[in-house]
Amino acid sequence: MTTTTATGSLTSGGGGEGGGADDRVMATAQQIVNSLNTTKNVREDMLLILSSFDNRLSNISDLIKTVSSSQSSVLDAAEKIILRSDSGISSTVSCDESPKETRDYLSAVDEILDLLDNLSVEPDLEVLDRAETAVQVAMSRLEDEFRHILIRNTVPLDAQSLYGSIRRVSLSFTANEGEIDEDFASFGEVETESVCFHERGASLGDDLCVDLINSEAVVELKEIADRMIRSGYEKECVQVYSSVRREALDECLASLGVEKLSIEEVQKIEWKSLDEKMKKWVQAVKIGVRLLLSGERRLCDVIFNGSDSAREVCFNEIAKGCLMQLLNFAEAVSIVRRSSEKLFRILDMYDALSNVFPDLEAMAMDRFVYGEAKGVLDGLGGAARGTFVEFENAVKSETSRKPMLGGEIHPLTRYVMNYVKLLVDYGDTLNFLLENDDDDELNGLQNDDGERLQLESMAPITRRLLALLSTLESNLEEKSRLYEDGAMQYIFLMNNILYMVQKVKDSELIKILGDQWVRKHRGQIRQYATAYLRAAWSKALSCLKDEGIGGSSNNASKVALKERFKSFNACFEEIYRIQTGWKVPDPQLREELRISISEKVLPAYRSFMGRFGSQLESGRHAGKYIKYTLDDLENYLVDLFEGTPLVLHHLRRKSS
């Protein structure tokens, strides 16, 4: 088709249009000659055919000689620059080479590449060999220069400058006293100076960007890459770039605290050390994907914009090494032994990896690596679900048998409430991960079909936390039976249930569990308070009743009255001795209990004294039986629930 068109043009030009037509004929012939890229015999045959059309092509041989001479001249000049040992770009690159020498070298390369693209019909084989040799030398030196520019212009990562404010949750993993399952021995409240906070991690600005290579060097790298790709050295260029940048990203990950560890090595790491590595991993994923890999994507797009294949191969080779190192650690974490304290860090890792998936998709990540990342994300999700279930089971099966001194708040209560308080931060993630789990937790919560429907409409995390706290309450009821004193059982339950209520009311838990949960458990505390009064003071109050004394207030038996007063004194002193050692940490509850006791005891004592006290006050040794005034009793009640048994010197003084 091309020959026909050219022939038609030549034929039409023979109509005597003068010198201009001759020039156009020769120009067309020159284009045809330059486009021929066949064997010598074929070229000669085609020249014979062309010359037969028009006698104006009779000097085409002169044209060929002129072109060949021009090509040889261009090659001579370019060779001098490319093969010169002290050229601006050499096998031993100088850091202070002049920009002019570099430009001259690249221009010489361009001239030879243009020469090879436009060889004449009958090229001089010597010229062709010289040109190809010069290109090989140039590419070898450009490859070295490409590597050196990459290495010396790599910008070290300043990890600390990338971190935003670290959000700390005021919970610590410090040991509690008391006999308790080891799974719960490390999580408490901030009560010591050596606090170990749980950190959610640093935030990164959406527009944060880092230079991975000095910006002025990117232009040089692009110019070299363009010429290597044009010369057919794309593979060598890609290999150099990928190798250098992979090593650079390895150093970046090392500066972020990410180590190359096998699954076996990860499984042997102590929790404290592993927790630190997991925290660093969370930061490394954010920085690695959103800054480092995004930066690599931009660099590849600029440096290799002349070749789609080079651009994609380079980026995916670099990204694969970086991501696989991160994914290998996460995979190892997902299969290590499950324990409750690991849940939060696993959720941190899950959230971090999940949040960078849109970035991976936007970067056109290799589908294999993307698939691997998806598999690791699923593994972390499974580990989080399994760890949560382990925690639920551990709360259910915790069977410590040592009662808390003074009815104090149990370490299990502190642990669970601080744990679930922290879980609120992961509510959305847990709702997603627990969405398709079975609803066995409903069985322990429902009272009727209507309540079941209400529970089924709740978010998964709400149902699970309701079930978990219900399990905790059942466990606390079991532990309350470790106290022989019935009144002490209710003090223990009040302390622990109130602690639960306060943790819910004063945190984001209230949004999950709701005001109804708080009201229900406050009512439960009031019921325990009533039960306490009955268990602790019924015997003392029975001493202040009229029954069994005999007769009216005027002729009641003095012997019976003496016994009643002696019995009340003994009961009160026993209660005082014991219950000053009991502990009610919450000041409001402590005061409410004292007021309730006063409202029960003081009016009964006042009434009893008013009816019968005069019969003993006039007799001998009245103080032996009527030992306390109303003010005395009121003052003594203030000492209850302080947690420190008091010396009863004032009581002894009364009885002496």
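In what follows, the structure referred to is the one given above.
Residues numbered from 1 in each chain as written. Predicted model: local features only at pLDDT ≥ 70, side-chain atom pairs only at ≥ 80, totals over all residues. Heavy atoms only, no water.

**Description of the nonpolar core**
The biggest cluster of nonpolar side chains holds 178 residues, and the ones touching the most others in it are F146, Y241, F304, L423, Y532 and W537. When sequence neighbours within four positions are dropped, the list of residues in contact with Y241 reads F146, L150, I213, E296, L299, C300, I303, F304, C314 and I318. (Core = buried A, V, L, I, M, F, W, Y, C linked by side-chain atoms within 4.5 Å. Buried < 20%, exposed > 50% of the residue type's maximum accessible area, 1.4 Å probe, protein only. Contact = heavy atoms within 4.5 Å.)

**Considering the packing of helix α13 (residues 343-355) against helix α15 (residues 367-397)**
Orientation of α13 relative to α15, taken along the N-to-C sense of each, is 155°, at an axis distance of 9 Å. Classified by the angle their axes make, α13 and α15 are roughly antiparallel. Between α13 and α15 lies a crossing whose hand is left-handed. Contact residues: L343, I346, L347, M349, Y350, L353 and S354 in α13; A373, V376, L377, L380, G381, A383, A384, T387 and F388 in α15. (Axes fitted to C-alpha atoms, helices over the stretch in contact; angles between N-to-C directions. Helix = DSSP H or I, 4+ residues; strand = E, 2+ residues; numbered from the N terminus. Parallel < 35°, antiparallel > 145°, perpendicular 65-115°, else oblique. Left-handed = near helix turned anticlockwise from the far one by under 90°.)

**Here we look at the side chain of Q325**
Position of Q325 among the secondary structure elements: in helix α12 (residues 308-334). Not counting residues up to four positions away in its chain, the partners in contact with Q325 are D250, L253, V258, E259 and K260.

**Some remarks on the packing of aromatic side chains**
Applying the stated criterion across every chain yields a total of 21 aromatic pairs. When the centroid spacing of 5.6 Å and the interplanar angle of 65° are considered together, the rings of Y576 and Y636 count as edge-to-face. Linking Y576 in helix α23 (residues 558-579) with Y636 in helix α26 (residues 630-637), this pair joins segments that are 60 residues apart in sequence. Assigned by exposure class, Y576 and Y636 land together as buried. Ring pairs connect the aromatic residues W537, F568, F572, Y576, Y605, Y628 and Y636, which therefore count as one cluster. Note that R297 overlies the ring of F315, its terminal NZ or CZ placed 4.4 Å from the centroid. Geometry around Y370 places R367 over its ring, the cationic atom sitting 4.4 Å from the centre. (Phe/Tyr/Trp six-rings, centres within 6.5 Å; stacked < 30°, edge-to-face > 60°. Lys NZ or Arg CZ within 6 Å of the ring centre and 35° of its normal.)

**Re the side chain of R594**
Structurally, the position occupied by R594 is in helix α24 (residues 587-617). There is a polar contact of 2.7 Å between the side chain of R594 and the side chain of E642. Leave out the neighbours within four places in its chain, and R594 touches L637, V638, D639, L640, F641 and E642. (Polar contact = N/O pair within 3.5 Å; in protein donor to acceptor, adjacent residues only side chain to side chain.)

**Quick word on helix α5 (residues 99-117)**
Here α5 contains 19 residues, and its C-alpha end-to-end distance of 27 Å stays within 8% of the 27 Å for a straight helix at 1.5 Å per residue. The complete set of buried residues in α5 reads T102, Y105, L106, A108, V109, I112, L113 and L115. (Expected span 1.5 Å × (residues − 1).)

**Quick word on unusual backbone geometry**
Among all residues except glycine, the phi angle is most often negative; among peptide bonds, the trans geometry is most common. With a phi close to 65°, F641 is a non-glycine residue in the positive phi region. With respect to the helices and strands, F641 occurs in the loop between α26 and α27 (649-655).

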